[in-house]
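# An overview of the molecular structure
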Amino acid sequence: MSSRAVSVFFSYSHKDEKLRNELAKHLRTLKRSGIISDWHDRKILPGDEWDHQIKEHLNAAQIILLLISSDFIDSDYCHDVEIDRAMERHQAGEARVIPVILRPCLWEITPLGKLQALPKNGTPVTDLGVWRNLDNAFLNIAQGVHAAAISFSEQPAPTFNIKGAGKGLESKQTVENDAKAQYRERVKEYLIDRELTTFHEIRLGILQKQLKLPDAEAQRIVSEELAPIEQAKETYRDALSRLIEAGHKPSEKETRQGLAQIQQELGITQAEVTAIEQPILAAAEYQFEVMGSERGIDYTRLRDLLKAGAWQDADKETYEVMIRAVGKKSGGYFTKDELLNFPCQDLLTIDRLWVKYSNGRFGFSVQKKIYVDCGATLNGEFPGNTIWRKFSDLVGWRIEGKWVGYSSLTFDTSAPSGHLPGKNVVVWVVWVLFYRIQTCKV
């Protein structure tokens, strides 16, 4: 089999773009394996002449997928330009045209009707009575494209032995091959740094013009040389996603060590790892900052309030989730025993959310440290008036010897450290909560 990817061209109506995207996902395995490369008009760069780009890639493609629907047939451009040229190349043996039937339409009476279509029996992708779901239909198409690509790539390279013209053709072919080889070597040279910078792209553009290399051929070479790098990055991306889905926290030492080994085996750089991890970890942030609940409590609202800096609403929500966690309704009171046995997972979730979104200013663990610094012992018992008043003075629950009412608390980050969650939550036995936090190993 040839080591070069078979080029695939998508011809489609933009009204079918969602279906084209789904098909592209199913073909991605073939791309990652280096079996195919693909192109469609959404890859045209700003400033490029779109008609020229489409025709150039259509003329260079080895497999042409015509994504058939009523909108595709209705498109004058698809019919007059892409279908006509595709059929010319198909009949000349230069490319293989495969109709892909997306939606029901009268396509059989067109020139495409004589071609073997995908999916099986030309049954439209959207006919869920046959396919049950889109994935089954697209899998059948992907299998067909795979078979076509393998067949195409196994065809022997053309030879030039026509009498009277052989030497000229061979010479022209040699020049073309030399140009491709020179361009490929330059791409490899630049990719030592694992990416093509803007300066690289400019210099490659100059070289391409000097070598008179077609745009499609230059793009194919770049795609082939980038493929191993992109495949390695995609493998790392998949590995990280699988670890997160399996419940492994990226911050844990064991997870980081495993990822470091994968990084080394794939040969990707730390900069690439950072670029890969940032969006994935951002998307998974909520999963690992909210540890969950032993009592089925939903902490989404608390998290969102804290993230928005709505401190008073978050303070009230803290009471609401805590009272539910001990099995009581809003308006109820906490007992000492209830706090001594407060579910650890819930307590850690509440505290970590407060600490994170206040940048370490608020939270039960912050209050606990101040409490201990005041000379208190974490035994679940009232520490005495002296220590309690000292603690309350430091967190701003007392000012100049007078207790502050709840409505007079400071609900912003200018408040003293440990000021929130506010004293209305569990102030009457808060020392018990500090003891419980300690036993939960915050």
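Everything that follows concerns the structure shown earlier in this document.
Described below are features of the structure shown in this document. Note that this is a predicted model, so its numbers are computed, not measured.

So, how was this worked out
- Residues numbered from 1 in each chain as written.
- Predicted model: local features only at pLDDT ≥ 70, side-chain atom pairs only at ≥ 80, totals over all residues.
- Heavy atoms only, no water.
- Buried < 20%, exposed > 50% of the residue type's maximum accessible area, 1.4 Å probe, protein only.
- Helix = DSSP H or I, 4+ residues; strand = E, 2+ residues; numbered from the N terminus.
- Pairing = 2+ DSSP bridges.
- Right-handed = clockwise from strand over helix to strand, strands pointing away.
- Phe/Tyr/Trp six-rings, centres within 6.5 Å; stacked < 30°, edge-to-face > 60°.
- Lys NZ or Arg CZ within 6 Å of the ring centre and 35° of its normal.
- Axes fitted to C-alpha atoms, helices over the stretch in contact; angles between N-to-C directions.
- Disulfide = S-S within 2.5 Å.

In terms of burial, strand β4 (residues 96–101) is largely enclosed, as five of its six residues are buried. As judged from the six bridges shared by strand β3 (residues 63–68) and β4, these two strands associate in the parallel manner. Bridge pairing links Ile64 to Val97 in β4.

Moving on: the pairing of strand β1 (residues 6–11). Along β1, six of the six residues are buried, which leaves the element largely enclosed by surrounding structure. Where burial is concerned, the two faces of β1 agree: the one with Val6, Val8 and Phe10 and the one with Ser7, Phe9 and Ser11 are both buried. Pairing of β1 with strand β2 (residues 36–39) involves four bridges; the strand directions are parallel. Residue pairing for β2: Val8 is matched across the bridge by Asp38. Read as a crossover between parallel neighbours, the route from β1 over helix α1 (residues 17–32) to β2 is right-handed. Note that β1 and β3 share four bridges and pair parallel. Across the sheet, the residue bridging to Phe10 is Leu65, located in β3.

Turning to the packing of aromatic side chains, a few remarks are in order. Here the structure, examined in full by the defined rule, presents 15 aromatic pairs. Ring geometry for Tyr319 versus Phe334: centroids 6.1 Å apart, planes at 85°, classification edge-to-face. Of the two residues, Tyr319 is situated in helix α13 (residues 311–325) and Phe334 in the loop between α13 and α14 (336–340); the sequence distance between them amounts to 15 residues. Comparing Tyr319 with Phe334, the two get one shared label, buried. Cation over ring: Arg398 sits above Trp403, and NZ or CZ is 5.4 Å from the ring centre.

Turning next to the sheet that holds β1. Sheet strands associate in pairs through backbone hydrogen bonding, adopting either a parallel or an antiparallel arrangement. Pairing is parallel across the open sheet formed by four strands, whose spatial order is β2-β1-β3-β4. In the strand order of this sheet, the two ends are held by β2 and β4, each with one partner. Direction aside, neighbouring strands of the sheet carry axes that sit 25° apart on average.

What follows deals with the state of the cysteines. Per the counting criterion, the structure on display carries one disulfide. One disulfide in the model links Cys344 with Cys440; its S-S distance is 2.0 Å. One quick way to see it: the torsion about the S-S bond of Cys344 and Cys440 is about -80°, and its sign makes the bridge left-handed. One end of the pair, Cys344, is in helix α15 (residues 344–357); the other, Cys440, is in the segment after α18 (430–439), and 96 residues separate them in sequence. Cys440 carries the same exposure label as Cys344, and that label is buried.

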